[in-house]
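Okay, here's what each chain looks like letter by letter:
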Amino acid sequence: MLSLVIFLPLVAAVVLAVARGLPDAVARWAWVGVALVEVLLVGVLWARYETPAAGTLAFDEQVEWIPGLGASYHLGLDGLSLPLMALTAVVFAACAVYALRESTRPRSQAALFCFLQTTCLGLFAAADLIVFFLFFDLSIVGMYFAIAGWGHGNAQKSALQFFLYTFLGSLGLLLGFIGLYVASGTFDMVALAADPPLVGTGVTGGLVLAAVLVGLAVKTPTVPFHTWLPPAHTDAPAVGSAVLAGVLLKMGTYGFVRIAMPMLPDAWRSFAWVVIAVGVVSVVWGALVALAQTDLKRMVAYTSVNHMGYVVVAVGAAGVVGGSAEEARALAVTGAVTQMVSHGLITGALFLLAGVLHRRTGTYEMSRFGGLAGRAPRYAALFAVAAFASLGLPGFSGFVAEVQVFAGSIAAVPWTAVALVGILLTAALFLRALQRLLTGERGPASAAFADVRGSELVAVAPLLVLATLIGVLPRPLLEVVEPASRAVVALVAR
Amino acid sequence: MAGSMSMGSDVVAVLPEVLLLVGALVALVGGSFTPREQQWRVRLVTVAALVASAVAAGFGLASPAGPVFSGTYDVDTATGVVRLVVASSTLLVIGLGVEEVAGHRQESETYALLLLSSTGAVVLGGAADLLVLVVAFLLGSIPLYALVGQARTGAAAEGAMKTYLLGALLGIVLMAGVTVLLGVGGGEAGYAGLTAALAGAPAGAVAAGAVAVLVGLMFKAGGVPGHFWVPDAAQGASVTAAAFLTTVPKVGALVAVFRLVEAMPAAVDVQLVVAVLAVASMTLGNLAALGQTAVRRLLGWSTVSQVGYLLLPVAVVGRTDLAEPALLFYLAAYAVTNLTAFAVVAALPGRESLEDYRGLGRAHPCLAGALLVSLLGLLGTPPTSVFLGKLLVATAAWDGGAGWLAVVLVVNTVASLGYYLRWCAPALTFATPVDRSPTVRRWAFQAATLGGVSSILILIVVSR
């Protein structure tokens, strides 16, 4: 079942890539069809999901692959991965609908994004480090082509920079994986989490963790490894940005909770303060730099650094075991996972909305707009909802996530309260963006601005509806996440 | 009687080698009696010999015969893999070279030389005796000089000259090393007895001899310090010869190095020398490749760096069980991936510089796909087989107590991104294609597709 969910888009990708004579319209709708089937399939998974017993995975699948290396084709889900699988399906479906108006090589684009969806789903379901790494690297290759092939501006250069940076990070990750294997004799993630190697080895454990952390930090990205992100987003196509920010960034933070924390608990506890510090700096720095942007898409990109920073702070705080209650640390981890989902939905929507601007006017420069509220009320409403959700207003998913992150983190490590500054700054910058775009005099680019309609509305609205639903009724999500975060916290405390 | 009996079964045990040699002789002699437009018959004979050899190798691999000919030759798993890889690689080389070689006035000679050099490579890999090693070295090298020079251009002549001079020089170094080892080991030439025979010998002399043999073998492997000929030959020779000489000799030579290091006494740390050569090969190969704009020269330097990666498991021989499977798997993966890259070059005659590949993705999507798979493969990205090869060699190095080599490998991989991407990226942009050759060579095209597919399949069906 799980393999089917993962590889169905790949099959679609191959068919789309091979069928050269396929009319563009058919290709676009085929992608929408596949993406919707995926949403349905993941929905079925969610409905049939029951929290697995400690140390096991739901929908477990294992096939012998490279026994000589202790690696197997092993998949499974738990409360950390299932929400991200669902997020992936939803974001890709939104992108498929949004791309219905794509005119540049729609068939190739559909094939590429179906391929990307397989890599994302596969990564979140992987229960073997080699399988994880395989999908991790393939996602980089796929995104490279998405930016280089459909981007604008300086797309080639940005794509190359993205590839170089994240590939470098992935090699760090690989080194760390090899270190884990040499110490344990297996690449199986379940086995490694159950019986972590390198406990009490001091330097070796620290080095392996450092290698893994660098790999994940580049992907997340955190300061100081974030410099690839703004150019990549600015020059990527709207759907590329939505997938990159909505799903691909989560691979980094997911790696923290899935790999670094349970498999290197000893080293994680020793270096938790480094993680927290990096997180706090990311939060504040990301927000400050975002505040200084005049380009809307660049601004949203920097807020991603800020939002991912909260996740890093939370997982770092979960590693500070002495003097804090286990509940607080579990709360922080739950907040981190919720934040991943929330950020995926909201930023996906924001990037698609930024894409609407570019479609109409060819620019993201905020000073060229203004007064859009009168000219395009639906666009203004969507953008306002997305902006308020992103700055963490109560009633939206971002609030649920950030409250948990801070409640948990501050209980464990009081000085993480410094990161609260980030919330203030994001609030300020989003309000200013709203003001510049929607109110005031009509700018030169607003004059002939047509309101969102049809496919654009259908693509963006569900993302925001989901973000609101999670904000109002978070229980269904939290019930899935909470047992898994308690398990992670228990594993780190060993 | 017993002697002749065992001699007979020994010959059966080396049937794959015999088939290659017989094929070479038939091609050579038969070729002189075949009219030029009928030379495809010779190609058929060559292909038949290679297929038969591969099949025989498959049977041999299923039940390895062990040491034969009084222990001078070892028919074990490693030899089995070398036989299979060499035979299939040479088949792929012939496939990608059909259009280039067909109708050439020396078509049958080319096939004979390919088969002879293949035989040399296989015997080099199976040799368990210093003297057999020397013979195999010569058998494998001499046809190479002719293969490089066959193109009859100025660049080919220069490449052949360089190959010849370096081969002669390092051949002498190899023989000198063998002489020293024979001298201090009391005339013991077989690897089985060599470890014990050298245990009491002066460590300095053993080290000098071992290093000399090692350096000689580096000529065949195309690694530092015997690498100077590789870029020139890859650039100057025909694509067929270039594909062959950057792939097949390495297979035999690296397994030979493995056996040699295994046979050295523990008192002499040959592994450290190998580690240094590995680092030098990958670093130099990558740095030199970074500045290249000619595709074949770039591939030539890239193979130098690949030898560096391949030497990693050799540097931890005897210190981890992973060393041998890692080396053998990487060799197989490398052979098919490298040949895929050359097959793409062969399919698009006239495209010599990186710039000529701009927009290939639009004009020939299938070839661009094969190029992508092969270059990402050489880089070591999943899902290509070299990824697993790199993972295995890095793991073997770390497991064998040389974790720093794994780090060097990773750093070098990052450096190699620079040139693999410089080729790949313009080829896959949707820019207007540079249309240098509207006609694609069909056979080479098939070879590229086959290579690209198998480069991924090897990873999926690996069953070791």
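Before any of the text, the structure's been laid out above.
Notes on the structure follow. Here, residues in each chain are numbered from 1, in the same order as that chain's written sequence. Naming scheme: in the order in which they are written, chains are lettered from A and ligands are numbered from 1. Per-residue local features of the predicted model are confined to residues with pLDDT of at least 70, and side-chain atom pairs are confined, for both listing and counting, to 80 or more; whole-chain, interface and lining totals are unaffected and use all residues. Water and hydrogen atoms play no part in the side-chain values, which are based on all heavy atoms of the structure.

Attention now moves to helix α10 (residues 229–236) of chain B. Of all eight residues in α10(B), seven are buried; the element is thus mostly enclosed. Contact between two residues is taken to exist if any of their heavy atoms lie within 4.5 Å; hydrogens are not considered. Helix and strand assignments come from DSSP, with helices taken as H or I runs of at least 4 residues and strands as E runs of at least 2, each series counted from the N terminus. Elements that come into contact with the buried residues of α10(B) comprise α6 (130–149), α7 (154–184), α9 (203–221), α11 (239–245) and α14 (295–314) of chain B. Note on exposure labels: buried denotes an accessible area under 20% of the residue type's maximum, exposed denotes more than 50%, and partly exposed covers the range between, all computed with a 1.4 Å probe on protein chains only.

All names here are of chain B. Patch rule: a residue counts if its relative accessible area is over 30% and it has no salt bridge; like charges are joined within 9 Å, and nonpolar side chains (Val, Leu, Ile, Met, Phe, Trp, Tyr) within 5 Å. Under the convention used here, a 1.4 Å probe and the Shrake-Rupley method define accessible areas, while residue burial counts only the protein chains that appear. Whenever Lys or Arg places a side-chain nitrogen within 4 Å of a carboxyl oxygen from Asp or Glu, that contact is recorded as a salt bridge. On the surface, a nonpolar cluster with roughly 390 Å² of combined accessible area is contributed by V11, L15, V18, V22, V26 and V45. Among the elements that make up the nonpolar patch, the one with the highest residue count is helix α2 (residues 15–32) (four residues). Positionally, V45 belongs in helix α3 (residues 40–62). Taking the relative accessible area as the measure of exposure, V45 reaches 31% and is therefore partly exposed.

Residues and elements named next belong to chain A. Tracing the sequence through the fold places L438 in helix α17 (residues 420–438). With a relative accessible area of 9%, L438 lands in the buried category. Spatially, the C-alpha atom of L438 lies 9.0 Å from that of P377, the residues being 61 residues apart in sequence.

Below, the discussion takes up helix α8 (residues 191–199) of chain B. For the α-helix, the turn length of 3.6 residues means that residues three or four positions removed from each other point alike. Residue and element names in this part refer to chain B. The complete set of buried residues in α8 reads Y191, L194 and L198. All buried residues of α8 fall inside an arc of 30° around its axis, so they share one side. Facing away from the buried side of α8, by more than 90 degrees, are the exposed residues A192, A196 and A199. At its buried positions, α8 is contacted by α6, α7, α9 and α12 (248–263). Along the arc lie the directions from the helix axis toward the C-beta atoms.

Regular strands place side chains that alternate from one sheet face to the opposite one. Counting buried positions over the seven residues of strand β2 (residues 71–77) of chain A gives six, a clear majority of the element. When DSSP finds two or more bridges between a pair of strands, those strands are recorded as paired. Two successive antiparallel strands, strand β1 (residues 58–66) of chain A and β2(A), enclose a turn made up of four residues, where G70(A) displays a positive phi of approximately 65°.

Let us look at the side chain of H152(A). Within the secondary structure layout, H152(A) lies in the loop between α5 (129–150) and α6 (155–184). With sequence-adjacent residues up to four places away left out, H152(A) is seen in contact with T234(A), D235(A), A236(A), P237(A), K297(A), H358(A) and Y364(A).

Any two of the Phe, Tyr and Trp rings considered here, Trp counted by its six-membered ring, make a pair once their centres fall within 6.5 Å; the pair's planes then place it as stacked at under 30 degrees, edge-to-face at over 60, or tilted in between. Summed over all chains, the structure comprises 23 aromatic pairs over all chains. With a centroid separation of 5.4 Å and 40° between ring planes, the pair formed by W31(A) and F113(A) is classed as tilted. One end of the pair, W31(A), is in helix α2 (residues 24–48); the other, F113(A), is in helix α4 (residues 106–125), and 82 residues separate them in sequence. Taking the relative accessible area as the measure of exposure, W31(A) reaches 2% and is therefore buried. Among the aromatic residues, those joined into a cluster by ring pairs are F132(A), F133(A), F136(A), F177(A) and F387(B). Sitting over the ring of F449(A), R360(A) keeps its end group 5.6 Å from the ring centre. Consider the ring centre and the ring normal. A charge sits over the ring if Lys NZ or Arg CZ is within 6 Å of that centre and within 35 degrees of that normal.

Across the contact, 32 residues belong to chain A and 32 residues belong to chain B. Taken together, the links from chain A to chain B amount to zero salt bridges. Here a polar contact is taken to be a pair of N or O atoms separated by no more than 3.5 Å, where protein atoms must pair a possible hydrogen donor with a possible acceptor and residues adjacent in sequence count only if both atoms sit in side chains. Inspection of the chain A/chain B interface yields zero residue pairs in polar contact (both at pLDDT 80 or more). Among the elements of the structure, β1, α5 and α6 of chain A are those that each provide at least two residues to the side of chain A that touches chain B. Considering each element in turn, the side of chain A that touches chain B owes the most residues, 13 residues, to α6(A).

Residues and elements named next belong to chain A. This model, assessed by the stated rule, comprises 17 salt bridges over all chains. Its salt-bridge partner being D451, residue R378 comes within 3.9 Å of it at the nearest N-O pair. Of the two residues, R378 is situated in helix α15 (residues 377–390) and D451 in the loop between α17 and α18 (454–472); the sequence distance between them amounts to 73 residues. R378 sits in the partly exposed class, given a relative accessible area of 42%.

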